[in-house]
Amino acid sequence: MSMDKKAQIGEGVWMIYKLLLLSVVAFAVFGVSAFYYSYQINIRNAEAVIMARDISGCLSPNGVLNLDGISKRDYGKIISYCNIGGSQGFYVGVKVSDSNGQIAKLYQGDSGALWVRKLFKSVVLTGNSILDGNSVDIRKIAKFAPGYFKLDFPTLIVYNSKKIVGDIEVEVFVKYEK
Amino acid sequence: MTNKRGSILGKVLTNIILIGIVYAIFFIAVAGRVNGRDVKQQILEKQTALLIDSASLGMSFFIRSANINGFVSDVHIDNNKIFITVDGFVSQSGYPYFSRYSINVKKLKNGFLVSVNG
């Protein structure tokens, strides 16, 4: 009787082992198929265009940018100043300049991420990876490419109570986030 | 002797049923991938997110349940993300949108109405 019991326990353990092995193989095959068939649609460039349009419409409605009406504290929180919610992963940089050069920089987000764009841009142009010697198929990393858009337009600027003709450059960067 | 045959049959049947369950789960998951349900869901979520991003105050748009990308059974918004369930494929992470307005989703008879309010 005790031998039967031991055999039954052994049988049960053996069955659990077989099921675990089967599950591991099934998940491995599923993982490979998921990787092969997966496809990421990239709309980050479109998002960058829309954000640039929203920011420029907020700052310069009717073609006039009232810099005097924007508090210096808001210079680093320009997306929040325009009441745009849900903008994590965005960097927006606005350069306001006149004929003498830049007079104000408005921004929000991680500007350090701009180097990621330079990285991808250099890979696309050269066709090679940045790693020494080895050429990597850029399609493998293209899906991680950030979205980017730059908008440049002339505008009337109200600054220090004076109206001056100047330029606004709006730069938007959208990080890859899964 | 009868007991031995009966017990072996029972064990084999249990084995077959358990293995069958694992295979069924595996094939259902792979079929979902191969049929591109996740791609169709991506298309719907990202199209809707772009519409919300570019919408002005007072705009609304209607997502039909009987959609070209599959049957849409659920559309909801949570924490500035849009989640759309297509052909039973539930969205795990959604897709983020940005807007200066408040977005509402209302379930109607034949679909979902997404409206942009102040």
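Residues numbered from 1 in each chain as written. Chains lettered and ligands numbered in written order. Predicted model: local features only at pLDDT ≥ 70, side-chain atom pairs only at ≥ 80, totals over all residues. Heavy atoms only, no water.

### Quick look at helix H2 (residues 37-54) of chain B
The end-to-end C-alpha distance of H2 of chain B is 26 Å, a good match for the 26 Å that 18 residues give at a rise of 1.5 Å each. Those residues of H2 of chain B not exposed but buried are Asp-38, Gln-41, Gln-42, Leu-44, Glu-45, Lys-46, Thr-48, Ala-49, Leu-50, Ile-52 and Asp-53 of chain B. (Helix = DSSP H or I, 4+ residues; strand = E, 2+ residues; numbered from the N terminus. Expected span 1.5 Å × (residues − 1). Buried < 20%, exposed > 50% of the residue type's maximum accessible area, 1.4 Å probe, protein only.)

### As for the sheet that holds strand S7 (residues 111-117) of chain B
Strand pairs in the sheet, formed through backbone hydrogen bonds, run parallel or antiparallel to each other. Residues and elements named next belong to chain B. Sheet architecture is open: three strands sit in the order S1-S7-S6, paired in antiparallel fashion. Because the sheet does not close on itself, it has two edges, and the strands there are strand S1 (60-64) and strand S6 (102-107). Strand-to-strand twist across the sheet, computed as the mean angle between neighbouring axes with direction ignored, equals 20°. Along the sheet, H2 contacts S1, S6 and S7; its crossing angle with S1, the most-contacted strand, is approximately 170°. (Pairing = 2+ DSSP bridges. Axes fitted to C-alpha atoms, helices over the stretch in contact; angles between N-to-C directions. Contact = heavy atoms within 4.5 Å.)

### Concerning the state of the cysteines
Residues and elements named next belong to chain A. In total, this model carries one disulfide over all chains according to the counting rule given. Between the sulfur atoms of Cys-58 and its disulfide partner Cys-82 the distance amounts to 2.1 Å. Looking along the S-S bond of the Cys-58-Cys-82 disulfide, the torsion reads about -90°, which is the left-handed sense. Within this pair, whereas Cys-58 is found in helix H2 (residues 44-59), its partner Cys-82 is found in the loop between helix H3 (78-81) and strand S2 (90-98), the two being separated by 24 residues in sequence. (Disulfide = S-S within 2.5 Å.)

### Brief notes about the interface of chain A and chain B
With 31 residues of chain A at the interface, the matching set in chain B holds 27 residues. Of the roughly 2600 Å² buried at the junction of chain A and chain B (both faces included), carbon and sulfur atoms supply 67%. For the pair chain A and chain B, the number of links is zero salt bridges. Seen at the junction of chain A and chain B, the total is five residue pairs in polar contact (both at pLDDT 80 or more). For the side of chain A that touches chain B, the secondary structure elements donating two or more residues are helix H1 (2-37) and H2 of chain A. (Buried area = accessible area lost by both parts, 1.4 Å probe. Salt bridge = Lys/Arg side-chain N within 4 Å of Asp/Glu carboxyl O. Polar contact = N/O pair within 3.5 Å; in protein donor to acceptor, adjacent residues only side chain to side chain.)

### A closer look at the pattern of salt bridges
Residue and element names in this part refer to chain A. One pass over the structure, following the stated rule, counts three salt bridges over all chains. Across the pair Asp-54 and Arg-53 runs a salt bridge whose closest N-O atoms are separated by 3.3 Å. Here Asp-54 falls in the buried class, since its relative accessible area comes to 16%. Connected through salt bridges with shared partners, the residues Lys-95, Lys-150 and Glu-169 form a single ionic network.

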